[in-house]
Amino acid sequence: MSGIDVGEELGARAAQARALALLRIRSRALAVVITPAAVAVVLFAAGAQGHLGGPVWDGVRWAVLGVAVVVLLVAAAVAVAVARARPAVSPTVPVAEEGAPDLYRLVRELADRLGVPAPSAIALTPDCDSWLEDRTHRAHRGGAGREARNTAPVLVIGSPFLWWMRVAELRAVLAPVVAGTDSSAHPDIAAARRFVRGLDAAVADGAAPGRGALRAVPAAFTGWVARLLLRACREHAAEMERCVAATASMRAQGVDYALRIAAQEQVGLAYAGWDRLLTRVALPAWRMGRWPSRLDAGVVSALTELSRRDRLADGFTSRLGERPACDLLEEPGIADEATSLLAARLFHGGPAESGPDWAPVDWQQYPDEVVDRKWRTEAARLHRVLDAMGVPPASVADPAVPTLARVMEHLAGPGGPGGPGEELAAGIGAAVARDDAQAPAPGPAQPTASAAGADPLDLWGPDPLPLFPRQPPRTGTELLADHVAAMVCCAAVDTAGAAPGLDWLDGPALLVDGERRADLAVPVLSLVEDGDPDPLRSWLAEVGVRSDKPVRLV
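Residues numbered from 1 in each chain as written. Predicted model: local features only at pLDDT ≥ 70, side-chain atom pairs only at ≥ 80, totals over all residues. Heavy atoms only, no water.

The three strands are arranged β7-β8-β9 in an open sheet whose pairing can be described as antiparallel. Strand pairing shows two members of the sheet lacking a second neighbour, β7 (499-503) and β9 (515-516), which therefore form its edges. One ladder, built from two bridges, connects strand β8 (residues 507-512) with β9; its direction is antiparallel. Each residue of the ladder has a partner; that of Val512, found in β9, is Glu515. Across the sheet, helix α12 (residues 366-388) is in contact with β7 and β8; its angle to β7 comes to roughly 110 degrees. (Pairing = 2+ DSSP bridges. Helix = DSSP H or I, 4+ residues; strand = E, 2+ residues; numbered from the N terminus. Contact = heavy atoms within 4.5 Å. Axes fitted to C-alpha atoms, helices over the stretch in contact; angles between N-to-C directions.)

With that out of the way, let us pick up the nonpolar core. Here is a general trend for soluble globular proteins: nonpolar side chains tend to be buried in one another's company. If you look at the biggest cluster of nonpolar residues, it comprises 112 residues, and the most contacted ones within it are Trp286 and Val484. Setting aside residues up to four positions removed in sequence, Val484 forms contacts with Leu382, Val407, Leu411, Val524, Leu527 and Val528. Counting residues in hydrophobic clusters, the runner-up holds 24 residues, among them Ala85, Ile189, Ala202 and Leu230. (Core = buried A, V, L, I, M, F, W, Y, C linked by side-chain atoms within 4.5 Å. Buried < 20%, exposed > 50% of the residue type's maximum accessible area, 1.4 Å probe, protein only.)

Relative to each other, helix α14 (residues 420-438) and helix α15 (residues 476-495) sit at 90 degrees, their axes nearing to 8 Å. In terms of axis orientation, α14 runs roughly perpendicular to α15. Along its contact with α14, which presents Gly421, Leu424, Ala425, Ile428, Gly429 and Val432, the element α15 presents Gly476, Thr477, Leu479, Leu480 and His483. In terms of residue class, the contact of α14 with α15 is built from six nonpolar, five polar and no charged. (Parallel < 35°, antiparallel > 145°, perpendicular 65-115°, else oblique. Nonpolar A, V, L, I, M, F, W, Y, C, P; charged D, E, K, R; others polar.)

Oppositely charged side chains may form a pair once their charged atoms are brought near each other. Applying the stated criterion to the full structure yields 29 salt bridges. Across the salt bridge formed by Lys374 and Glu378, the nearest N and O atoms sit 3.2 Å from each other. Here Lys374 and its partner Glu378 are both found in helix α12, four residues apart, which amounts to about one turn of the helix. (Salt bridge = Lys/Arg side-chain N within 4 Å of Asp/Glu carboxyl O.)

As a further point, take the state of the cysteines. Following the criterion strictly, the structure yields zero disulfides and no others. The thiol sulfur of Cys489 is not disulfide-bonded, and the nearest other cysteine sulfur, from Cys490, lies at 7.1 Å. (Disulfide = S-S within 2.5 Å.)

Time to look at the packing of aromatic side chains. Applying the stated criterion to the full structure yields four aromatic pairs. Ring plane angle 35 degrees and centroid distance 5.9 Å describe the contact between Phe221 and Trp224, whose orientation is recorded as tilted. Of this pair, Phe221 and Trp224 both sit in helix α8 (residues 213-252), three residues apart, roughly one helical turn. Exposure remark for Trp224: the relative accessible area of 46% places this residue in the partly exposed category. Ring geometry for Trp363 and Trp504: centres 4.9 Å apart, planes at 75 degrees, overall edge-to-face. Of this pair, Trp363 sits in the loop between β6 (359-361) and α12 while Trp504 sits in the loop between β7 and β8; the two residues are 141 residues apart in sequence, bridging distant segments of the chain. Across this residue pair, the class does not change: Trp363 and Trp504 are buried. Members of the aromatic cluster, connected to one another through ring pairs, are Trp363, Tyr366 and Trp504. (Phe/Tyr/Trp six-rings, centres within 6.5 Å; stacked < 30°, edge-to-face > 60°.)

A few words now on unusual backbone geometry. One non-glycine residue with positive phi stands out, namely Asp513, at about 55 degrees. For Asp513, the location among the structural elements is in the loop between β8 and β9.

On to helix α17 (residues 534-543), then. Three or more residues of α17 are buried, namely Leu536, Trp539, Leu540 and Val543. What you see down the axis of α17 is that its buried residues fit within an arc of 100 degrees, all on one side. In α17, the exposed positions angled more than 90 degrees off the buried face are occupied by Ala541 and Glu542. Its buried side turned inward, α17 meets α13 (404-411), α15, β8 and α16 (521-530). Within two residues after α17, Gly544 carries a phi angle of roughly 90 degrees, on the positive side. (Arc of directions from axis to C-beta.)

The interhelical angle for the contact between helix α5 (residues 167-178) and helix α9 (residues 257-287), taken along N-to-C directions, is 100 degrees, at an axis separation of 9 Å. The angle between α5 and α9 places the two elements in the roughly perpendicular class. Note on element contacts: α9 touches α5 through Leu259, Arg260, Ala263, Gln264, Gln266 and Val267, opposite Ala168, Glu169, Ala172, Val173, Ala175 and Pro176. Here the residues of the contact of α5 with α9 are counted per class, giving eight nonpolar, two polar and two charged.

Take the pairing of strand β2 (residues 121-125) next. Here β2 lies mainly inside the structure; four of its five residues are buried. Sheet analysis places strand β1 (residues 93-95) next to β2, joined by three bridges and oriented antiparallel. From the neighbouring strand, Val93 faces β2, where its bridge partner is Leu124. Two elements, β2 and strand β4 (residues 154-158), share five bridges in a ladder whose sense is parallel. Bridging from a neighbouring strand, Thr125 pairs with Gly158 of β4.

Residues Val70, Val74, Phe221, Trp224 and Leu228 make up a contiguous nonpolar surface patch of roughly 440 Å² in combined accessible area. Only α2 (55-84) and α8 provide two or more residues apiece to the nonpolar patch. Looking at which element gives the most residues to the nonpolar patch, the answer is α8, with three residues. Phe221 sits in the partly exposed class, given a relative accessible area of 37%. (Patch = residues over 30% accessible without salt bridge, like charges linked within 9 Å, V, L, I, M, F, W, Y side chains within 5 Å. Areas by Shrake-Rupley, 256 points an atom, 1.4 Å probe, with all protein chains shown as cover.)

Here it is, written out as structure tokens:
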């Protein structure tokens with residue numbers, strides 16, 4: 001027997017030992033519940049045989065019986081609440097076998113090589129991670145019978161992996177994940193996991209708001225009991241999962257181990273590109289009421305751009321000639337659109353269906369639909385604040401024409417950097433807060449009768465959405481700098497032939513003669529913070545922007 005086999009056997013035994021420890025906690029809790037009933041049985045049996053007679057013992061017997069009945073009723077109510085509590089399920093996009101036969105074949109062949117049961121299904125999630133998820137609870141399977149408990153877990157795959165990784169890399173990364181189905185099939189480990197997940201769901205239900213006093217008190221008591229049991233289970237549950245992961249990793253070492261080491265670099269790279277794409281590219285679109293419908297394809301573009309800029313990533317794009325893992329899907333575009341919408345709902349809180357104020361946008365339309373609209377919206381807000389402050393227009397002949405010169409003259413006017421700049425920054429901050437408060441709060445739309453039960457967020461649980469804040473906290477000066485830069489970009493587009501563009505790593509970009517101009521921030525900050533317009537005037541002259549010409553606003 002090899003060292004790997006010995007280590008795998010020891011890890012499996014350690015996981016089983018921890019699972020048995022968890023089940024013993026459940027047994028001890030049951031023993032505590034039935035102890036009063038057992039004492040009552042002994043007392044009544046003794047009385048029936050002529051022992052422990054007299055009125056005192058009769059009172060003790062009936063008192064213990066009353067306590068036993070109350071304890072049993074309370075315990076039964078807690079047990080029913082725990083059993084009915086619905087464990088949270090990660091929001092995913094299900095992948096049917098007819099929609100990805102090659103992917104299912106790859107996973108089953110991998111399970112055969114590992115000698116473990118194959119996952120029961122495959123789902124995609126808008127995250128850079130992969131895991132097995134138990135969905136045998138009756139709420140997750142539409143009330144299936146006892147045979148549902150023997151169903152293998154669902155394999156959840158991060159959608160960015162499918163687009164960035166090659167087929168061989170995906171197989172290597174999924175090997176230790178699929179190997180975990182062996183432990184999931186062990187009855188003791190499965191029972192221990194169901195016990196812990198039920199307690200966790202009961203705690204979440206007990207803390208859920210929106211209940212009346214009649215239901216809140218029993219739910220809070222059930223949550224308190226579940227927390228006590230979870231506290232006793234914490235160490236054993238953590239060690240059991242650690243042993244399960246170690247056992248799966250050891251089992252998977254015989255499958256593409258060398259390739260897995262190289263593929264782990266792609267995992268970290270995909271995570272960095274995905275995070276940058278969400279925060280710099282997708283978030284501005286979400287805030288404008290548009291959701292990019294090809295986020296996973298955008299990861300490839302973002303990481304390709306990263307490899308072009310960063311010599312540390314040099315050579316990663318040479319892999320792109322190999323077959324991408326998304327080819328394992330029959331219709332990757334539909335899967336990409338579904339996961340992109342799910343990402344928008346998770347990280348921003350958008351509705352479940354498209355509409356006039358929540359429409360998909362592809363990458364070709366992004367500059368016009370998102371970037372240009374964002375600039376002109378911020379420029380319009382800047383001039384509304386100037387109007388409210390009574391700032392005179394730059395053109396006396398046509399006072400209704402918005403110009404960049406009006407903004408520059410005001411910020412460079414008397415009062416120094418602590419005067420007009422701070423006042424305008426405060427006005428911009430208040431206007432942004434007011435517009436955000438008036439905008440409809442994003443949130444999941446109520447499913448229609450035909451779509452009921454098909455929403456991936458139905459089983460999410462009580463955790464609030466979105467997971468990301470709608471807008472990171474910004475100071476008034478930062479907001480003013482963004483609005484002034486937006487005004488400059490509008491003037492460049494309208495008077496100098498520039499164009500809005502998309503930078504895959506930094507989001508909205510200004511293109512002059514087809515090249516991105518990333519040097520606008522410094523002159524804008526000089527104007528906003530120091531009241532010095534000369535650096536910005538030099539930049540405008542270099543690009544050919546006319547600050548006295550009217551700018552089209554939203």
